[in-house]
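A closer look at the structure
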Amino acid sequence: MNRRWQLAISLWLVGSIVLACVLHVGSARRLAAQLEAPLTEHLREAFDESFFSSDENRVNDNRALARVGEQVNRALQNVVRERWYAPRNECAVQLQQIDGVQLAAEPAASLLPLTLPRNGVDRKVMVGVSCTANLPILFGASALLGALFLAICLRLPAPLSATHRRLLNDLLGQDYSPDEAFEIVSTYSEVDLQLNESQASLVEGLHQPASRNMAQVLQLVTDAGVASLTPDQARWFALGYRLCAADKDAALAFARHPDGVEIDLPGRELRVRGRAVPTSATPLFYYAWYALRRVQGDGWVTNPPSNRPDRGAGAELAQFMARYDGHAKAVRDLEQSGLKARTLDQNRSKIKDELVAVLGEELAAGYLFEARKHEDGVQMSYRLALPASCVSVLS
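In this text, all values refer to a predicted model and were calculated from it rather than measured experimentally.

1. Quick look at the nonpolar core
- Counting residues in hydrophobic clusters, the biggest one holds 68 residues, and the most contacted among them are Tyr287 and Leu355.
- The element contributing the most residues to this core is helix H11 (residues 281–296), with 8 residues.
- In this structure, this core is formed jointly by two domains, domain 2 (162–255) and domain 3 (261–394), each of which donates at least three residues.
- The residues contacting Leu355, other than those within four sequence positions of it, are Leu270, Val272, Val277, Tyr287, Gly360, Ala364, Tyr367 and Leu368.

Here you go:
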């Protein structure tokens, strides 16, 4: 049972009990109001002024008051006739006390105070009213009214919290219509809209006001799997969601995949975090050459001087490219002219452009190159920024 229904049942139970109490108290007050006027009139006719002293130092005619009080009580035995559906039934009305004279032996459940003017003095009269609660009707009616009240409450939109209002104002400021903005905001609870860092970054990255896609974005970021992503994984998820044609599960797999690059030389394919990234053949071979050095050693490759190509490295790279059917001209240039600094720079730049085109500047940075000055203080050395454990070359 979800929290919404647990809350609804709790509210219904509490509401039913409260309504039962209200009906019971309300019935008692209604009965008292109905009895007050006719009882007062009846008492005026029944109790003559001669029964009462006109001086506080004189005593009332108690015997006469008791006798008449007994007659009045017999007359009141069936004065109240409640219908079967009344919240209270079996009501007994009895004159308890008049001007200090006790007329009834048994106390009543509740007392109705009245005033009887006699000999210029307002005499206090206490009328006892005792009823039995009609429990089936009382709780049946209160349960029905409680259910009706709850049904109305459930159909009414919940009051907007501060979090709801902030989002609503943001959407209105981005030209969403009031109805559209309210429908989006009211779909979610306040807890759902308290986004963590990862969720907030995804909303910012995926929301397109011109496309009116906030409903889809919120549905996505409030998914339990998406909400559990770390900030770094969220950046990869946003990329994967675009690359995977809005396939949430595929994007989640991409986001949770360990960092790593895999170079499939026979298939001429570069895979980042398990997903293929389109690259040109020759830049891919140069990238693989750097990758092999990262796996086999410290990975640093120093650019040869601009006026003196490295013929040994050129022959080695030419043989490597030829083994996997590299571009004939690129292989021939390496064999004839050796490895040039400009050629290395150009291919690093090309692979960077191709990775950035797919991954973006921020995410591609970890898969590109780091640089340092060679110990000669003149030439530059480069290597893959990834650690060797994250590099795989399939040959």
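2. Some thoughts on the packing of helix H9 (residues 231–243) against helix H14 (residues 341–364)
- Interaxial distance between H9 and H14 falls to 11 Å at its minimum, and their mutual angle equals 175°. Compared by their axis directions, H9 and H14 come out roughly antiparallel. Of the residues in H14, those touching H9 at Arg235, Trp236, Leu239 and Leu243 are Val358, Leu359, Glu362 and Leu363.
- Grouping the constituent residues of the contact of H9 with H14 by class yields 6 nonpolar, no polar and 2 charged.

3. Quick notes on the sheet that holds strand E6 (residues 269–272)
- Taken in spatial order, the 4 strands line up as E7-E6-E5-E11 in an open sheet, and their pairing is mixed. Only two strands of the sheet have a single neighbouring strand rather than two, namely strand E7 (275–277) and strand E11 (391–394). Within this sheet the neighbouring strands show an average axis-to-axis angle of 25°, counted without direction.
- Bridge analysis of strand E5 (residues 261–264) against E11 gives 4 bridges, and the strand direction is parallel. Paired with Asp264 across the two strands is Leu394, which belongs to E11.

4. Structural notes on the sheet that holds strand E10 (residues 380–384)
- Taking strand neighbours across the sheet as the criterion, the 3 strands line up as E8-E10-E9 in an open arrangement whose pairing is antiparallel. Whereas interior strands pair on both sides, the edge strands pair on one side only; in this sheet they are strand E8 (301–302) and strand E9 (369–373).
- Across the face of the sheet, H11 comes into contact with E8, E9 and E10 while running at roughly 85° to E10.

5. Some words on the packing of aromatic side chains
- All told, the structure shown has 8 aromatic pairs when counted by the stated rule.
- Ring centres of Tyr290 and Phe369 lie 4.9 Å apart, and the angle between their planes is 70°; this geometry places the pair in the edge-to-face category. One end of the pair, Tyr290, is in helix H11; the other, Phe369, is in strand E9, with 79 residues separating them in the sequence. We note that Tyr290, like Phe369, is buried.
- One cation-aromatic arrangement involves Arg348 over Tyr382; the distance from NZ or CZ to the ring centre is 3.5 Å.

6. Points about the pairing of E5
- Both E5 and E6 contribute to a ladder of 4 bridges, which runs antiparallel. Bridging across to E6, Asp264 finds its partner in Glu269.

7. What to know about the pattern of salt bridges
- Going through the model one piece at a time under the given rule, you end up with 13 salt bridges.
- With a closest N to O distance of 3.7 Å, Arg212 and Glu180 form a salt bridge. Taken together, the residues span a long stretch of sequence, with Arg212 in the loop between helix H6 (197–206) and helix H7 (214–221) and Glu180 in helix H5 (residues 178–186) at a distance of 32 residues.
- A relative accessible area of 32% means that Arg212 is categorised as partly exposed.
- When its relative accessible area of 26% is taken as the criterion, Glu180 is described as partly exposed.

Conventions and cut-offs
- Residues numbered from 1 in each chain as written.
- Predicted model: local features only at pLDDT ≥ 70, side-chain atom pairs only at ≥ 80, totals over all residues.
- Heavy atoms only, no water.
- Core = buried A, V, L, I, M, F, W, Y, C linked by side-chain atoms within 4.5 Å.
- Buried < 20%, exposed > 50% of the residue type's maximum accessible area, 1.4 Å probe, protein only.
- Helix = DSSP H or I, 4+ residues; strand = E, 2+ residues; numbered from the N terminus.
- Domains from an automatic or database assignment.
- Contact = heavy atoms within 4.5 Å.
- Axes fitted to C-alpha atoms, helices over the stretch in contact; angles between N-to-C directions.
- Parallel < 35°, antiparallel > 145°, perpendicular 65-115°, else oblique.
- Nonpolar A, V, L, I, M, F, W, Y, C, P; charged D, E, K, R; others polar.
- Pairing = 2+ DSSP bridges.
- Phe/Tyr/Trp six-rings, centres within 6.5 Å; stacked < 30°, edge-to-face > 60°.
- Lys NZ or Arg CZ within 6 Å of the ring centre and 35° of its normal.
- Salt bridge = Lys/Arg side-chain N within 4 Å of Asp/Glu carboxyl O.

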